[in-house]
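Listed here are the chains, written in short residue letters.
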Amino acid sequence: VNDIAFSVKADDYSREQLKLDVYHPADARDCPVVIWFHGGGLEAGTKQIPAELKQQDMVVVGAEYRMLPRVEVGEILDDAAEAVAWTFKNVAQYGGSASKIVVSGHSAGGYIAMMLCLDKSWLAKYGVDADSVMLYAPFSGQAITHYNVRKMQGLPPLQPTIDRWAPLYWVRGNCPPLLLTCGDRELELYGRYDENQYLERMMKLTGHKHTWLYEIGGHGHNDMIAPSFLILKIKMKELLAK
């Protein structure tokens, strides 16, 4: 089912942009659900249903969001939170279970997933407890302040900062399981693996016992996507078995 409007925002850009696609198996019942946010540096890309998630006895939601520089990063995160809230409220009619939701995405989409996980205020605005998500699974997400957010602040890509727009700023020990996947540390974009390694360490120091980090050797920023889906499906199977 394509181009479902999920937002109450009424401006022209929101009405044009804020739509999602739902892929669901025929006769699905109580299936796990993956909400997928695309990459593109928060300034490019489009919603998608990843091929690796089709024919897997799961419901997949590919959600769109507004982009830099037409909006600010807070508005992007608000859009993403609204898409997740829509999924909680509506996924049962497509055969999905609201108790088996995974929030995932690659690169910018991974950054969005991290922020929704760690800063509970975004989902709380729409009446959803961030801790009711079964698993957050960012692929090569930015753990410091996103480089294009820093660009809008007048900073270059290699000037790292950690402010309220950084997932690392919000580390907490009481959130749902967090699955971090990255490409090879020598091939990743802007030291992305090292950021995720620091996030993993800080999560564990705050008492979080279910943060997992996987480095996919020999794979760069985009090459790591396909093997990350395999890791995601294995981890989902483990959690669902419990």
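All of the points below concern the structure found in this document. (Residues numbered from 1 in each chain as written. Predicted model: local features only at pLDDT ≥ 70, side-chain atom pairs only at ≥ 80, totals over all residues. Heavy atoms only, no water.)

**Structural notes on the overall build of the protein chain**
The helix and strand tally for the protein chain stands at seven helices and eight strands. Here the C-alpha atoms of the protein chain give a radius of gyration of 17 Å, agreeing with the 18 Å that 2.2 N^0.38 yields for 242 residues. Its C-alpha atoms put the protein chain at 50 × 45 × 30 Å along the principal axes. By the burial criterion, 58% of the 242 residues in the protein chain qualify as buried. The contacts in the protein chain between residues at least 6 apart in sequence include a share of 75% that link residues at least 24 apart. Surface exposure of the protein chain reaches about 10200 Å², of which carbon and sulfur atoms provide 51%. Charged side chains in the protein chain number 25 positive and 29 negative. The centres of these two groups are separated by 4 Å. (Helix = DSSP H or I, 4+ residues; strand = E, 2+ residues; numbered from the N terminus. Rg over C-alpha atoms; globule rule 2.2 N^0.38 Å. Buried < 20%, exposed > 50% of the residue type's maximum accessible area, 1.4 Å probe, protein only. Contact = heavy atoms within 4.5 Å. Areas by Shrake-Rupley, 256 points an atom, 1.4 Å probe, with all protein chains shown as cover. Lys, Arg positive; Asp, Glu negative; His and termini not counted. Charge placed at Lys NZ, Arg CZ, Asp CG, Glu CD.)

**A look at the sheet that holds strand S6 (residues 135-139)**
Strand order in the open sheet made by the eight strands is S1-S2-S4-S3-S5-S6-S7-S8, with mixed pairing throughout. In this open sheet, the two strands that pair with only one neighbour each are strand S1 (4-5) and strand S8 (211-216). Strand contacts of helix H7 (residues 225-241): strand S3 (31-37), strand S5 (96-106), S6, strand S7 (178-183) and S8, with the helix running at about 170 degrees to S6, the strand carrying the most contacts. (Pairing = 2+ DSSP bridges. Axes fitted to C-alpha atoms, helices over the stretch in contact; angles between N-to-C directions.)

**With respect to the packing of helix H2 (residues 73-90) against helix H3 (residues 108-118)**
Two packed helices can be described by the angle between their axes and the distance between those axes. H3 packs onto H2 with a crossing angle of 75 degrees between their chain directions and a minimal axis gap of 10 Å. Considered as vectors, H2 and H3 are oriented roughly perpendicular to each other. Across the interface between the two elements, Val-73, Ile-76, Leu-77, Ala-80, Ala-81 and Val-84 of H2 pack against Tyr-111, Ile-112, Met-115 and Leu-116 of H3. Split by residue class, the contact of H2 with H3 holds 10 nonpolar, no polar and no charged. (Parallel < 35°, antiparallel > 145°, perpendicular 65-115°, else oblique. Nonpolar A, V, L, I, M, F, W, Y, C, P; charged D, E, K, R; others polar.)

**Quick word on unusual backbone geometry**
Of the consecutive residues Leu-68 and Pro-69, the connecting peptide bond is found in the cis state with omega at -5 degrees. Within the element layout of this structure, Pro-69 appears in the loop between strand S4 (59-63) and H2. Even without a glycine there, the phi angle at Leu-42 is positive, about 65 degrees. Mapped onto the secondary structure, Leu-42 falls in the loop between S3 and S4. Under the relative-accessibility criterion, Leu-42 is labelled buried at 0%.

**A closer look at H2**
Taking 1.5 Å per residue as the helical rise, H2 with its 18 residues ought to reach 26 Å, and the 26 Å between its terminal C-alpha atoms agrees with that figure. With 15 of 18 residues buried, H2 is to be regarded as a mostly interior element. (Expected span 1.5 Å × (residues − 1).)

**Comments concerning the pairing of S3**
Of all seven residues in S3, seven are buried; the element is thus mostly enclosed. In this sheet, S5 lies alongside S3 in parallel orientation, the contact comprising six bridges. The residue of S5 that forms the bridge with Phe-37 is Gly-105. For S3 and S4, the ladder comprises five bridges, and the chain directions are parallel. The partner of Val-34 across the bridge, within S4, is Val-60.

**What to know about the state of the cysteines**
Under the defined criterion, the tally for this structure stands at zero disulfides. With no disulfide of its own, Cys-175 lies 3.9 Å from the sulfur of Cys-117, the closest cysteine sulfur. Here Cys-182 stays free of any disulfide, with the sulfur of Cys-117 as its closest cysteine sulfur at 15 Å. (Disulfide = S-S within 2.5 Å.)

**Section: the side chain of Thr-145**
With respect to the helices and strands, the residue Thr-145 is situated in the loop between S6 and helix H5 (147-152). Once residues lying within four places of it in the same chain are set aside, the contact partners of Thr-145 are Arg-150, Thr-161, Ile-162, Asp-163, Trp-165 and Ala-166.

**Describing a nonpolar patch on the surface**
Nonpolar side chains collect at one region of the surface, where Ile-162, Tyr-169 and Tyr-198 lie side by side and expose about 330 Å² of accessible area between them. Relative to the elements of secondary structure, Tyr-169 occurs in the loop between H5 and S7. Given the relative accessible area of 47%, Tyr-169 is considered partly exposed. (Patch = residues over 30% accessible without salt bridge, like charges linked within 9 Å, V, L, I, M, F, W, Y side chains within 5 Å. Salt bridge = Lys/Arg side-chain N within 4 Å of Asp/Glu carboxyl O.)

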